[in-house]
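Overview (structure and organization)
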Amino acid sequence: MTMHSPTVRTHAAHGHPPTRLWLAALTLAAPIAACGDDGGDDGADTSGAADVAADSGAGGGADAAADASDAAGDVGDDASADAGADTDTAPGWPAEPDRTPLAGGGRPSDVLVPADYTTDREWPLVVLLHGFGASGLLQRAYLQLPAQVDAQGFILLSPDGTTTPRGQQFWNAWDACCDFGGTEVDDVGYLLGLVDEAEARYRIDAKRVYFIGHSNGGFMSFRMACEAPDRVAAIMSLAGSMPSEPDRCVPGAPVSVLSVHGTDDDTVPYDSSDMGPGAVASLAPWTGLASCDETPVVEAGPDYTIGDDGTTVSRWGGCDPGLDVELWTLDGTGHLPPFNADFAPAMIAWLLSHQLATP
């Protein structure tokens, strides 16, 4: 099944807030912010980032984000009710949260905690995985996530991958990306260890743990869903892929998956390539596990980027209760999409509206 360059599109006008210096910094880092076939010159598309470094927009997608946010609130209310207000049996979380980096077994991870954090309720946990050669700090700035920590109420971890001899940080996902030096570092174990450490420090809702990843981080997010479906409620992969070899990912349970991919991505192509099976085919295992319809409903979605031809949403219906699989196709966009201010709220709200599918 091949879907490419959908023709149903939507457009929206945008305002233009001031330039964000952090995004300009990410633009400079873009040539090493994604997977490459030799761990060096990966040819990441930086034209969109250059545009957004000079200009960033807002508008479009507010209704979709609001709907998803309402759903996320319902899930949060249900989870809080299940947990109950009695914290006497809690394992001793301090009332004032520790905001210092997690130890990570010698690989520290930054952590952002909502300003209104309290142990009277459980909190979702989001783990952000950067692209090849980037960092947790750059990635969370690019995706505009810090503001969402308070706005939507979750704890954010933004760890850094292992550093290559050339100083490029990476995650050990599939063979195509990105342990080019053959270190065989156990990043699944490392990331699950971070989740354990966060759950020991904060009052985390274990049914609402999510992974977000860009490029190499997207590959790694898929791997986390494959190997730890009992710990991962949902993932968002931006410009990532499943492995070309199907036997590399045989999850024992379904996970809700949101994939976001640009049609003009020259680094991790939208269609099948040596980097993976492509944006649509990467979702086939997840639609099958969730008993979704074979063919998605394709419709125009909110405009989440600046200066392209819109976003097309492919949504697989008929999935088992509580499970969703979606593809947000960014028409005419490359490997580093120039997101407007609507993307982060909508993407986070989509994730937070899901709970762990396994008991």
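Above this text sits the structure in question.
Let's talk about helix α7 (residues 216-227)
End to end, α7 covers 17 Å across twelve residues, agreeing with the expected 16 Å (1.5 Å per residue, within 8%). Most of α7 is tucked away, with eleven of its twelve residues classed as buried. For α7, the complete set of buried residues consists of Asn216, Gly217, Gly218, Phe219, Met220, Ser221, Phe222, Arg223, Met224, Ala225 and Cys226.

Overview of the pattern of salt bridges
Applying the stated rule across the entire model yields nine salt bridges. The salt bridge partner of Arg201 is Asp98, with a shortest N-O separation of 3.7 Å. Here Arg201 is found in helix α6 (residues 187-201), whereas its partner Asp98 is found in the loop between α3 (62-83) and β1 (109-112), with 103 residues between them in sequence. The class of Arg201 is buried, set by a relative accessible area of 16%. The partly exposed category is assigned to Asp98, whose relative accessible area is 31%.

Digging into the side chain of His354
Checked against the element boundaries, His354 lands in the segment after α9 (343-352). Polar side-chain contacts of His354 include one of 3.2 Å to the side chain of Ser353. The residues contacting His354, other than those within four sequence positions of it, are Lys207, Arg208, Tyr210, Ala233, Ala234, Ser256, Gly322 and Asp324.

Considerations on the pairing of strand β3 (residues 155-159)
Across the five residues that make up β3, a large majority, five, are buried. The two faces of β3 match: Ile155, Leu157 and Pro159 on one face and Leu156 and Ser158 on the other face are all buried. Note that β1 and β3 share four bridges and pair antiparallel. When the bridges of β3 are listed, Asp110 appears paired with Ser158.

What counts as what
Residues numbered from 1 in each chain as written. Predicted model: local features only at pLDDT ≥ 70, side-chain atom pairs only at ≥ 80, totals over all residues. Heavy atoms only, no water. Helix = DSSP H or I, 4+ residues; strand = E, 2+ residues; numbered from the N terminus. Expected span 1.5 Å × (residues − 1). Buried < 20%, exposed > 50% of the residue type's maximum accessible area, 1.4 Å probe, protein only. Salt bridge = Lys/Arg side-chain N within 4 Å of Asp/Glu carboxyl O. Polar contact = N/O pair within 3.5 Å; in protein donor to acceptor, adjacent residues only side chain to side chain. Contact = heavy atoms within 4.5 Å. Pairing = 2+ DSSP bridges.

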